[in-house]
Amino acid sequence: MTYVDINILRPMSRVTSVPFETTLHIRDCCLCLHVQRAARALARRFDEALRPHGLTNGQFSLLMSLNRPEPAGMASVASLLAMDRTTLTAALKPLERRGLVTISRDPSDRRGRRLKLTSAGESLLASAVPVWEQTHRDIESLLKDGDADRLRSSLLAIS
């Protein structure tokens, strides 16, 4: 019997450190970092505002995405919210358990699912919209005139 050792050891390249100046540069100009920080801060603010309605900002956005004349397909909602279908399915479960959303088979494609707000979901959404509007106005007031529109435009260009 012949034994072959498949664990080939290679000398590791000498690790060089990143200068602290590079860390500071990236901290100050990294768009990804700044967008993540802003997104977290905005999410916390909307979560706090929507908490009395028993919603998170993500749940509010999901309910709003279902506020359509006809039931929505999973793919269109996932695309709108920039989610994969697995994440969307997980996000829908608590809303479905609360009786805010129904999930049914698509009559034209038995593999597909259609998502619809229930009357309880519509009522909750209607009561939460004024809170969202006020919170949104408060946040926009922190920006210079016209900056909110420019920010939205820039974020849309990236996404």
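All values reported here derive from a predicted model rather than from experimental measurement.

Scoring rules and cut-offs
Residues numbered from 1 in each chain as written. Predicted model: local features only at pLDDT ≥ 70, side-chain atom pairs only at ≥ 80, totals over all residues. Heavy atoms only, no water. Helix = DSSP H or I, 4+ residues; strand = E, 2+ residues; numbered from the N terminus. Rg over C-alpha atoms; globule rule 2.2 N^0.38 Å. Buried < 20%, exposed > 50% of the residue type's maximum accessible area, 1.4 Å probe, protein only. Contact = heavy atoms within 4.5 Å. Areas by Shrake-Rupley, 256 points an atom, 1.4 Å probe, with all protein chains shown as cover. Lys, Arg positive; Asp, Glu negative; His and termini not counted. Charge placed at Lys NZ, Arg CZ, Asp CG, Glu CD. Phe/Tyr/Trp six-rings, centres within 6.5 Å; stacked < 30°, edge-to-face > 60°. Core = buried A, V, L, I, M, F, W, Y, C linked by side-chain atoms within 4.5 Å. Salt bridge = Lys/Arg side-chain N within 4 Å of Asp/Glu carboxyl O.

Chemist: Got a sec to walk through the overall build of the protein chain? Specific residues and values, please.
Modeler: The secondary structure content of the protein chain amounts to seven helices and three strands. Mapped from its N terminus to its C terminus, the protein chain presents α and β elements in the order α-α-α-β-α-α-β-β-α-α. A globule of 159 residues ought to have a C-alpha radius of gyration of about 15 Å, yet the protein chain, at 23 Å, is considerably larger. Out of the 159 residues in the protein chain, the part that is buried amounts to 21%. Look at the contacts in the protein chain between residues 6 or more apart in sequence, and 47% of them connect residues 24 or more apart. Here the protein chain displays about 12,000 Å² of accessible surface, and carbon together with sulfur accounts for 58% of that area. Here the protein chain holds 23 positive side-chain charges and 17 negative ones, and the gap between their average locations is 6 Å.

Chemist: Could you give me a rundown of the packing of aromatic side chains, with the residues and numbers involved?
Modeler: By the definition in use, this model includes two aromatic pairs. Arranged with centres 6.4 Å apart and planes meeting at 25°, the rings of Phe46 and Trp132 form a pair that is stacked. With Phe46 in helix H2 (residues 31-50) and Trp132 in helix H6 (residues 119-140), this pair connects stretches of sequence that are 86 residues apart. On the basis of relative accessible area, Phe46 is assigned to the buried category, the value being 10%. Taken together, a centroid distance of 6.4 Å and an interplanar angle of 10° make the contact between Phe60 and Trp132 stacked. Taken together, the residues Phe60 in helix H3 (residues 57-65) and Trp132 in helix H6 connect sequence positions 72 residues apart.

Chemist: Can you explain the nonpolar core? Please cite residues and give values.
Modeler: Ranked by size, the top nonpolar core spans 20 residues in total, and within it Leu63, Leu66, Leu88, Leu92 and Val101 carry the most contacts. Apart from residues lying up to four places away in sequence, Val101 is in contact with Leu63, Leu66, Leu92, Leu95, Glu96, Lys116, Leu117 and Thr118.

Chemist: Outline the pattern of salt bridges, listing residues and values.
Modeler: Under the defined criterion, the tally for this structure stands at seven salt bridges. Notably, a salt bridge pairs Arg152 with Glu140, separated by 2.7 Å at the nearest N-O pair. In this pair, Arg152 sits in helix H7 (residues 147-158) while Glu140 sits in helix H6, placing the two residues 12 residues apart along the sequence. Put simply, Arg150 and Asp147 hold a salt bridge, and the shortest N to O gap is 2.2 Å. Taken together, the residues span about one helical turn, with Arg150 and Asp147 both in helix H7 at a distance of three residues. Looking at Asp147, the relative accessible area reads 19%, which means it is buried. When salt bridges with common partners are traced through the structure, they connect Glu140, Asp149 and Arg152 into a single cluster.

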